[in-house]
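Each chain is listed here by its residues.
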Amino acid sequence: MLATLKQTAQLVELFKLRGLKQNYRKGDFIIRPGETPQGIFYIDQGLVKAYDITKYNEENLLIIRKSEEIFPLIWAITGQERSVIYQSLAPTTTWQLSRKDFLIFIKDHPEALAPLLDMTIEMYRLHSERILNLEYRTVRERIISFLLTMGQRFGKKTEAGLVIEVPLRHQDIASSVNSTRETTSRELSALERKGLVRNHQSLILLQDVETLRSYLK
């Protein structure tokens, strides 16, 4: 990571001093379909799903943002808009800052670019992994790759295995691996019968990470 703890803390302090604190329930829209962002958001706690709608009128999951991340980062820096929807996946608290105040701060404090670059690199890495995931020939391999990536980003180790602490719908997984919801559901059921994954309080539990990894070798 390029940023120091002091640089990151300085950026967070900007949001908390100049921004507006907002609370969202699970399922609330933060940026609605077709809406120009009202500002830039720092996630204090919670989860935010970014997705768009395909020409087939299906949700296409792009990325899931977690606490201590900023969105929409590309719009914040370039001003270029995309039809991306942001919706809370869990009770979420954000700090909303105007783009004008954000850009003034960056201009006056160029050292704040370090934590932003770290976030941008992480976003690039996640999108690159999604592209590489699509190189696997079978849907099962793509699903396993997706689950392992999500486990690395959101996983919590338990005695039973690795719990992905994000509520993922089958449609979310399907859109991320270029498959149909029906095929995705069938493949997840097959992995469950093999004892590799299972539902755990509405979350996905990876029961045998090493065996899952062996499918990708």
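Structure: above.
Everything in this summary refers to the structure shown in the same document.

**Some details on the overall build of the chain**
Here is step 1 of the chain: Scanning the chain for helices and strands turns up 8 helices and 12 strands.
Here is step 2 of the chain: Taking 2.2 N^0.38 as the reference for a compact globule, 217 residues should give roughly 17 Å; the C-alpha atoms of the chain span a radius of gyration of 18 Å, in line with that estimate.
Here is step 3 of the chain: Along the first, second and third principal axes, the C-alpha atoms of the chain reach 55 × 40 × 30 Å.
Here is step 4 of the chain: For the chain, with 217 residues in total, the buried portion stands at 47%.
Here is step 5 of the chain: For the chain, the share of sequence-separated contacts (at least 6 apart) that also reach a separation of at least 24 residues comes to 71%.
Here is step 6 of the chain: Accessible surface computed for the chain: about 12300 Å², of which carbon and sulfur atoms make up 50%.

**Looking at the sheet that holds strand 10 (residues 161-164)**
Here is step 1 of the chain: If you trace the 4 strands from one edge of the open sheet to the other, you get 9-10-12-11, paired in antiparallel fashion. Among the strands making up the open sheet, the edge pair consists of strand 9 (155-158) and strand 11 (197-200). Between one strand axis and the next, the sheet turns through 30 degrees on average, direction left out of account.
Here is step 2 of the chain: Strand direction decides the pairing type here: strand 9 and strand 10, joined by 4 bridges, are antiparallel. By the bridge assignment for strand 10, T158 is matched with G161.
Here is step 3 of the chain: Where helix 5 (residues 139-154) meets the sheet, its contacts fall on strand 9, strand 10, strand 11 and strand 12 (203-206), and the angle it forms with strand 10 comes to roughly 85 degrees.

**Looking at the packing of helix 1 (residues 5-18) against helix 3 (residues 99-108)**
Here is step 1 of the chain: As a packed pair, helix 1 and helix 3 sit with axes 11 Å apart at the nearest point and diverge in direction by 145 degrees. As helix 1 packs across helix 3, the resulting crossing turns out to be right-handed. Residues Q10, L11, L14, F15 and R18 of helix 1 touch helix 3, and the partners they reach there are D101, F102 and F105.
Here is step 2 of the chain: Per-class residue counts for the contact of helix 1 with helix 3 are 5 nonpolar, 1 polar and 2 charged.

**Quick word on empty space enclosed by the protein**
Here is step 1 of the chain: If you walk through the whole model with that rule in mind, you get 1 cavity of 30 Å³ or more.
Here is step 2 of the chain: Volume-wise, the largest cavity comes out at about 280 Å³.
Here is step 3 of the chain: What lines the largest cavity is a set of 16 residues, and nearest its centre among them are L126, R130, F146, T149 and M150.
Here is step 4 of the chain: Contributions of two or more residues to the lining of the largest cavity are made by strand 5 (59-66), helix 4 (113-133) and helix 5.
Here is step 5 of the chain: Per element, the largest residue contribution to the lining of the largest cavity is 6 residues, and it comes from helix 5.

**Focus: the pattern of salt bridges**
Here is step 1 of the chain: For the structure on display, the rule yields 15 salt bridges.
Here is step 2 of the chain: The salt bridge involving K49 is made with E59; its shortest N-O contact spans 3.2 Å. One end of the pair, K49, is in strand 4 (residues 47-53); the other, E59, is in strand 5, and 10 residues separate them in sequence.
Here is step 3 of the chain: The partner of E182 in a salt bridge is R181, with the nearest N and O atoms 3.5 Å apart.
Here is step 4 of the chain: A residue is classified by how much of its surface remains accessible, and E182, at 48% relative accessible area, is partly exposed.
Here is step 5 of the chain: Each member of the salt-bridge network shares a partner with another, and the members are R65, E69, E122, R125, E129 and R153.

About the cut-offs
- Residues numbered from 1 in each chain as written.
- Predicted model: local features only at pLDDT ≥ 70, side-chain atom pairs only at ≥ 80, totals over all residues.
- Heavy atoms only, no water.
- Helix = DSSP H or I, 4+ residues; strand = E, 2+ residues; numbered from the N terminus.
- Rg over C-alpha atoms; globule rule 2.2 N^0.38 Å.
- Buried < 20%, exposed > 50% of the residue type's maximum accessible area, 1.4 Å probe, protein only.
- Contact = heavy atoms within 4.5 Å.
- Areas by Shrake-Rupley, 256 points an atom, 1.4 Å probe, with all protein chains shown as cover.
- Pairing = 2+ DSSP bridges.
- Axes fitted to C-alpha atoms, helices over the stretch in contact; angles between N-to-C directions.
- Left-handed = near helix turned anticlockwise from the far one by under 90°.
- Nonpolar A, V, L, I, M, F, W, Y, C, P; charged D, E, K, R; others polar.
- 1 Å grid on protein atoms, 1.4 Å probe; cavity = no way out; pocket = protein on both sides within 12 Å on 5 of 7 lines; lining within 4 Å.
- Points joined across faces, edges and corners; volume = space filled by probe spheres on them.
- Salt bridge = Lys/Arg side-chain N within 4 Å of Asp/Glu carboxyl O.

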